[in-house]
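# Observations on the three-dimensional arrangement
Take a look at the letters that make up each chain.
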Amino acid sequence: MVTITPIRIRDHYELLAAMMKELHLSELDFFRKTAAWENIRADYMQHVISTQEEYDGTCLLATKDNEPAGFIFAYVEEPDESRIEDYTGNTLYVSDGYVAPAFRRMGIYRQLNDALEALYIRKGIRRIVRYTLSNNHRMQQFLASQQYEPVRIVYEKWLTPDGKDTVRLFPEQ
């Protein structure tokens, strides 16, 4: 049986840091320009703690048979003067989510996502934003199955330290 519990990241720092590290390592498999976790750990963990506490953030922890299986984290972004969409309410930004390999293919991420969305829909959120890497096809399929639609495509150009050459971000396909 899977249990989903809201947790305060500050109170479960080491557990969440360990899961964030695993999420980070899995992202490195998709994008080789992902920074080394040990170089960003402290700042990133402080970021998720502060956004949870200051921006109506929620971290849901999934456990299966009392074993930590995964998590999802999101926080609310308020509209500001840079907003160009017709929507004027707050936006839920789903920042991070992860399920450990031993617990995959059990619907745990879907349960986490459903619980998170239900919580914020009850709070009046009507726009949910998520990002995924362009080569993370499995997440793209999941998002499509949950009625998410791609709205913007982000293009990036990375340059060598001298600025003279382009750095390839993905292997040639």
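Structural data are supplied above this passage.
Throughout what follows, the structure given in this document is the object of discussion.

Criteria and thresholds
- Within each chain, residue numbers correspond to sequence positions counted from 1 in written order.
- Under the rules for a predicted model, residues below a pLDDT of 70 receive no local features and side-chain atom pairs below 80 are neither given nor counted, while totals for whole chains, interfaces and linings still include all residues.
- Neither water nor hydrogens contribute to the side-chain values; these are computed over all heavy atoms in the structure.
- Lines fitted to the C-alpha atoms define the axes, with helices restricted to the stretch that makes contact. Angles between their N-to-C directions range from 0 to 180 degrees.
- Counting from the N terminus, the helices are DSSP H or I runs at least four residues long and the strands are E runs at least two residues long.
- Each angle gets one of four labels, with under 35 degrees taken as roughly parallel, over 145 as roughly antiparallel, 65 to 115 as roughly perpendicular, and the rest as oblique.
- Each crossing gets its handedness from the near helix: less than a right angle anticlockwise from the far helix is left-handed, clockwise is right-handed.
- Contacts between residues were defined by any pair of non-hydrogen atoms, one from each residue, lying within 4.5 Å.
- Throughout this entry, Asp, Glu, Lys and Arg are counted as charged residues, while Ala, Val, Leu, Ile, Met, Phe, Trp, Tyr, Cys and Pro are counted as nonpolar. The remaining residues, Gly among them, count as polar.
- Two rings belonging to Phe, Tyr or Trp (six-membered ring only in the last case) form a pair when the distance between their centres is within 6.5 Å. Interplanar angles under 30 degrees mark stacking, angles over 60 mark edge-to-face geometry, and anything in between is tilted.
- Relative accessibility under 20% of the residue-type maximum defines a buried residue, over 50% an exposed one, and the middle range a partly exposed one, all with a 1.4 Å probe and only protein chains included.
- Two conditions define a charge sitting above a ring: the NZ of Lys or the CZ of Arg must be within 6 Å of the ring centre, and it must be within 35 degrees of the ring normal.

Looking now at the packing of helix H3 (residues 108-122) against helix H4 (residues 137-145). Contact pair H3 / H4: the axes reach a minimum separation of 12 Å and the direction vectors enclose 45 degrees. By the angle class used here, H3 and H4 are oblique. Relative to H4, the crossing made by H3 is right-handed. Between H3 and H4, the residues in contact are Tyr109, Arg110 and Asn113 and Met139, Phe142 and Ser145, respectively. In the contact of H3 with H4, the residues fall into 3 nonpolar, 2 polar and 1 charged.

With that settled, the discussion passes to the packing of aromatic side chains. Under the defined criterion, the tally for this structure stands at 7 aromatic pairs. Consider the rings of tyrosine 109 and phenylalanine 142, whose centres lie 5.3 Å apart with planes at 75 degrees: the pair is edge-to-face. In this pair, tyrosine 109 sits in helix H3 while phenylalanine 142 sits in helix H4, placing the two residues 33 residues apart along the sequence. Comparing tyrosine 109 with phenylalanine 142 shows no difference in burial state: the two are buried. Pairwise contacts between aromatic rings join Phe73, Tyr75, Tyr93 and Tyr131 into one cluster. The ring centre of tyrosine 148 lies 5.3 Å from the NZ or CZ of arginine 130, which sits over that ring.

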